[in-house]
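Architecture and fold: a report
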Amino acid sequence: DSHTPGLAFSLSHRDSRCANQRMPSGPLQMEGGARAEPFVSPARSRCHCTDMLCCLVFIVALLATVVLGAFGMKNGNPEALERFAHGRDSFGRLCGRDPGVTDFRLVYYTLPEGHPPVRNDSSTALDIRKELIPVCTTKCPKAAVGDEKKNSTRREVDLCPHDEVAAGHCAWYGGNATRLGFYCVDPHVFTSQISISINLQDLQAAGLRLLVAPAAAILLGFLFLGCVHQCGHVCIWLALLVAAVLPGALGGWIFYESSATAGGTHLPSWLNQLHPDTMRDVSYVLWGVSALVLLLACCFAATIRAVISVLKATSDFLTDVPSQMVQPVLVGLVQLAYLCGWMYLFVQVASVGVTEGNEKKCIEAGEMFCVQWESTTQRYGLVFLLLMLYWVVNYLHALSLYGTAYAVKAWYFAQNRSGIPEGGHTFCDCRLSLKAFCSGLCFHSGSLACGAFWIALARVGQLLLFWAQKKEGEASNSVTKCLRGCVNFLADCFARFIEMVSEHAYVEVALQGFGFCEAAGEALKLAATMPAEFALVGRVAAGVRVMGVFTIVVGTLYTCAMVLVWFPPDGLNNAKAPLVVSGVAAFVIAEVMLSPLSSIARACLHCYATERNAERATENLKNLINYHQRN
């Protein structure tokens, strides 16, 4: 599987210590097959660190996060936040935690023993909540037939603490309580309307049949990647043909119906209401769209072929370096670990200034978690933690994109693509990914942190803008609504632009060892020289990814539905919950399998652009030498 392009580079190992911190160099294929002297790219020729200042700022921000967490642990009141996990009974004891109720982890809200029957629906919820009493218990109460017509009756004495039994609180008024964590809630009285217990029962009934979902998703994922590898170019040309023919055919149908009878007889109702002349104008517009698509396809045929070649190279890369499909999983696990630590610090900081509210008032308001904040000091810390969450997560994402670009560089410029010395030839061979991560962490952490910071700043700004608008309420006039819409649109466009520039800059950092700003400028320069390719490759790769995710999820859901129909489990009330879980599992697997497509296609495009520009530069140099030789 030898690679001999018009401009053939190969990895140079003469300086093994820094071989992967510079653009690969190798023999240049000249006319007639003669080999010139090795062509050395203008990339860095030595190992160096980029954007050290950004790296130091990032380290300081991480240390500040730890200091802020320590401040929250010292000055916070996380015990008050336990109300989100454990409720208090009528005697003020924390169920499952305080002495006397350690064996009664659950809390439910009931009416005292002997209370007259109540109409248990949402219309009487407020009246019922005014009389509810919280009681610790070991089991959520369930209603029996006819209980709703009886007075509130005593439950088994071993289900509640003895003092609650003696006070006449260990009773039930006949509703059905649903368990939410350690709370037993009547959905007609409180706000929750979802019967989680039924869904959990359905999931338990489905049992091992749910294992079909990941197996089907993985199989469909490999089948889809195989189809892309074998038939990707055909699918793209077919999609363009459909995009050109479909509007024309639709225009012909509308034109025919407008001529047959006034308004037509086989068209949708909203088209039937149009005047025949208007329908003919619609037909002309659709024909114009078809002609425009055909014209663009003919004019940009070379660009489309280049895009297809890049996507073909993407598929070839995944075939030769399958370990890159494991890389998103590794990064995802690190992100998950950071998220767990971040949530712990978030809880500690959020507990600063928190106290428990009045239990009676909270129950009347329908709030089970009765907590309130006495100051706004913790808000600034929470905003900083939110910024750090986005920053670190985007940094890890940037490291993943850098690792992908690093691997694509090693593969693209290798003389033998199927045998690159860095490894990565099997799913379990992660040497190439680990080497890429070490390179990014040791030499380019500052550059990756710089791009991640701007993305995080843009996204947190969007979030704060959304929060401020929600707090301010609905706009009272159309001018304010228009201004808000424009501000939101501009903020979203700015965030997307920053993400686009950063993602391309990470590739240049991996390919040429630039700092972030220099890499972003180089990426914009490449995009300016090849605008059509840069505009199409990302969108086509994203479209292929979306189509793949849709195909995998739909195919998995259909497979699981057929399994539940052919082998129906006992006790299954509704297949909705098992199918939802199967769909989520299929979506996650599809994202993991197909997420590298866009980043690999982007890196291949940069390699292709670099190779083409180097070929042009070499051709210009050759022409200049020939000119001087003739003169």
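Quick notes on the rules
- Residues numbered from 1 in each chain as written.
- Predicted model: local features only at pLDDT ≥ 70, side-chain atom pairs only at ≥ 80, totals over all residues.
- Heavy atoms only, no water.
- Helix = DSSP H or I, 4+ residues; strand = E, 2+ residues; numbered from the N terminus.
- Expected span 1.5 Å × (residues − 1).
- Buried < 20%, exposed > 50% of the residue type's maximum accessible area, 1.4 Å probe, protein only.
- Arc of directions from axis to C-beta.
- Axes fitted to C-alpha atoms, helices over the stretch in contact; angles between N-to-C directions.
- Parallel < 35°, antiparallel > 145°, perpendicular 65-115°, else oblique.
- Left-handed = near helix turned anticlockwise from the far one by under 90°.
- Contact = heavy atoms within 4.5 Å.
- Pairing = 2+ DSSP bridges.
- 1 Å grid on protein atoms, 1.4 Å probe; cavity = no way out; pocket = protein on both sides within 12 Å on 5 of 7 lines; lining within 4 Å.
- Points joined across faces, edges and corners; volume = space filled by probe spheres on them.
- Disulfide = S-S within 2.5 Å.

Turning our eyes to something else, we now look at helix α13 (residues 431-443). The end-to-end C-alpha separation of α13 is 18 Å, in line with the 18 Å expected for 13 residues at 1.5 Å each. Those residues of α13 lying buried are L432, S433, A436, F437, S439 and G440. An end-on view of α13 places all buried positions within 160 degrees of arc, on one side of the element.

For the pair helix α12 (residues 377-412) and helix α15 (residues 478-512), the least separation of the axes is 8 Å and the interaxial angle reads 50 degrees. The pairing of α12 with α15 is recorded here as oblique in orientation. In this structure, α12 crosses over α15, and the sense of that crossing is right-handed. Between α12 and α15, the contacting residues are H397, A398, L401, Y402, A405, Y406 and K409 on the first element and E503, Y506, V507, V509, A510 and L511 on the second.

This part covers the sheet that holds strand β5 (residues 178-180). Whether parallel or antiparallel, the strands of a sheet pair through hydrogen bonds between backbone atoms. If you trace the four strands from one edge of the open sheet to the other, you get β2-β1-β6-β5, paired in mixed fashion. Each edge of the open sheet carries a strand with a single partner, namely β2 (133-137) and β5. Taken over all neighbouring pairs, the strand axes of this sheet differ in orientation by 35 degrees on average, direction set aside. Where β5 lies against strand β6 (residues 183-185), three bridges are found, and the strand directions are antiparallel. Within the sheet, the bridge partner assigned to R179 lies in β6 and is C184.

Another point: empty space enclosed by the protein. Considering all chains together, one arrives at five cavities of 30 Å³ or more under this definition. Considering the residues around the largest cavity, the lining is formed by V228, L311, T314, A541, V544 and L597. Put simply, the parts of the chain that give the lining of the largest cavity at least two residues each are α9 (301-320) and α17 (531-566).

Moving on: the pairing of β2. Successive side chains on a regular strand alternate, one facing one side of the sheet and the next facing the other. Most of β2 sits inside the fold, with five of its five residues counted as buried. In β2, alternate side chains face the same way, and those of I133, V135 and T137 on one face and P134 and C136 on the other are all buried. Here strand β1 (residues 106-110) runs beside β2; their pairing, made up of five bridges, is antiparallel. Across the sheet, residue Y109 finds its bridge partner in β2, namely P134.

The next subject is the state of the cysteines. Counting across every chain of the model gives three disulfides. Here C140 is linked by a disulfide to C184, with a sulfur-sulfur distance of 2.0 Å. Residues C140 and C184 are joined through a disulfide that is left-handed, its torsion about the S-S bond being -75 degrees. Taken together, the residues C140 in the loop between β2 and β3 (153-154) and C184 in strand β6 connect sequence positions 44 residues apart. Both residues of the pair, C140 and C184, belong to the buried class. Two residues share a disulfide in this structure: C160 and C170, whose sulfurs sit 2.2 Å from each other. Judged by the sign of its S-S torsion, about 70 degrees, the bond between C160 and C170 is right-handed. Here C170 lies in the loop between α4 (162-166) and β4 (171-172) and C160 lies in the loop between β3 and α4, a separation of ten residues in the sequence.

Everything listed here is a matter of geometry and, on its own, says nothing about what the molecule does.
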